[in-house]
Amino acid sequence: LNKPIALMDDEVNNIIIIPNKGLFHLPFDLLLTDIYPESEILNYKKISYLIKRFAISYDYSVSIMHGRLKKQHGGPPKEGLLAIAPKYQITDYNEEEINEIGHFRDYLVDLEYNAIEAKKIGNYFDVKEILVDEMATKNAFLLKAKDKSIIHFAMHAFVDNENSNESKLVFY
């Protein structure tokens, strides 16, 4: 991937990926733009992931993408966003949170850029509500989500593959 990326103009900031068939399961955001020797021990924060250089979006087909872009007149929707970006380095959990997530909460680390991500996405909308840090609670989400057409979660989640009803989003 590093060769095609090197050929791109520096003014290119956005990439729209239209994967085919099983490639939809591939997380293109995590592809590397540089080559690292196998013997090198990597610091994952310093790796040059594709998402660090480009805003990446996905579409199902070129014709659907074209129709969507034509309908939008070159821009994203201007209303109805709720973005949620909690922090996780919390020491005073209430009993409900401990029962809901259990001991796994102790292993969660803050998502370093989730609040910045939520605020930047908010720049594209006229009508928006951004819940960050301790404001990003489950109760606030339930109260505000019903009035929004787009909800963006910048948060941890737990997936239970055996019982999907036990999967959870992790709020503040």
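Let me begin by describing the structure that accompanies this report. This one's a predicted model, so the numbers in the text were calculated from it and none came from an experiment.

Looking only at helices and strands, the chain has 6 helices and 7 strands in total. Looking at the chain as a whole, 28% of its 172 residues are labelled buried. Expressed as a percentage of contacts within the chain between residues at least 6 apart in sequence, the contacts between residues at least 24 apart total 68%. If you sum the accessible surface of the chain, you get close to 12,600 Å²; carbon and sulfur atoms cover 55% of it.

A turn of α-helix holds 3.6 residues, and therefore any two residues three or four places apart point the same way. Turning to helix H5 (residues 114-122), its buried residues are Asn114, Ala115, Ala118 and Gly122. Buried residues along H5 cover an arc of 105° about the axis, so they all sit on one side. Looking at the buried side of H5, the elements it contacts are strand E3 (81-85) and strand E4 (128-132).

In space, the 3 strands of this open sheet follow the order E4-E3-E5, with parallel pairing throughout. Both outer strands of the open sheet, E4 and strand E5 (150-153), are each paired with one neighbouring strand and no more. Mean inter-strand twist for the sheet, computed between neighbouring axes without regard to direction, equals 10°. Pairing analysis gives 4 bridges linking E3 to E5, with the strands arranged parallel. Within E5, the position partnered with Ala83 by the bridge is His152.

A few words now on the pattern of salt bridges. Within this structure, the stated rule accounts for 2 salt bridges. When the shortest N-O distance is used, the salt bridge between Glu134 and Lys87 registers 3.6 Å. Linking Glu134 in the loop between E4 and helix H6 (138-144) with Lys87 in the loop between E3 and helix H4 (95-101), this pair joins segments that are 47 residues apart in sequence. Its relative accessible area of 41% is what places Glu134 among the partly exposed residues. The residue Glu129 makes a salt bridge to Lys144 at a minimum N-O spacing of 2.8 Å.

We note that Asp133 has phi near 55°; this positive angle belongs to a residue other than glycine. Along the chain, Asp133 falls in the loop between E4 and H6.

Quick look at the nonpolar core now. Counting residues in hydrophobic clusters, the biggest one holds 12 residues: Leu82, Ile84, Tyr88, Leu108, Leu131, Ala136, Ala140, Phe141, Ala145, Met155, Val170 and Phe171. Those elements that provide at least two residues to this core are E3 and H6. When neighbours within four sequence positions are excluded, Phe141 is seen to be in contact with Leu82, Ile84, Leu131, Ile151, Phe153 and Phe171.

Thresholds applied
- Residues numbered from 1 in each chain as written.
- Predicted model: local features only at pLDDT ≥ 70, side-chain atom pairs only at ≥ 80, totals over all residues.
- Heavy atoms only, no water.
- Helix = DSSP H or I, 4+ residues; strand = E, 2+ residues; numbered from the N terminus.
- Buried < 20%, exposed > 50% of the residue type's maximum accessible area, 1.4 Å probe, protein only.
- Contact = heavy atoms within 4.5 Å.
- Areas by Shrake-Rupley, 256 points an atom, 1.4 Å probe, with all protein chains shown as cover.
- Arc of directions from axis to C-beta.
- Pairing = 2+ DSSP bridges.
- Axes fitted to C-alpha atoms, helices over the stretch in contact; angles between N-to-C directions.
- Salt bridge = Lys/Arg side-chain N within 4 Å of Asp/Glu carboxyl O.
- Core = buried A, V, L, I, M, F, W, Y, C linked by side-chain atoms within 4.5 Å.

All we've got here are geometric facts, nothing functional implied.
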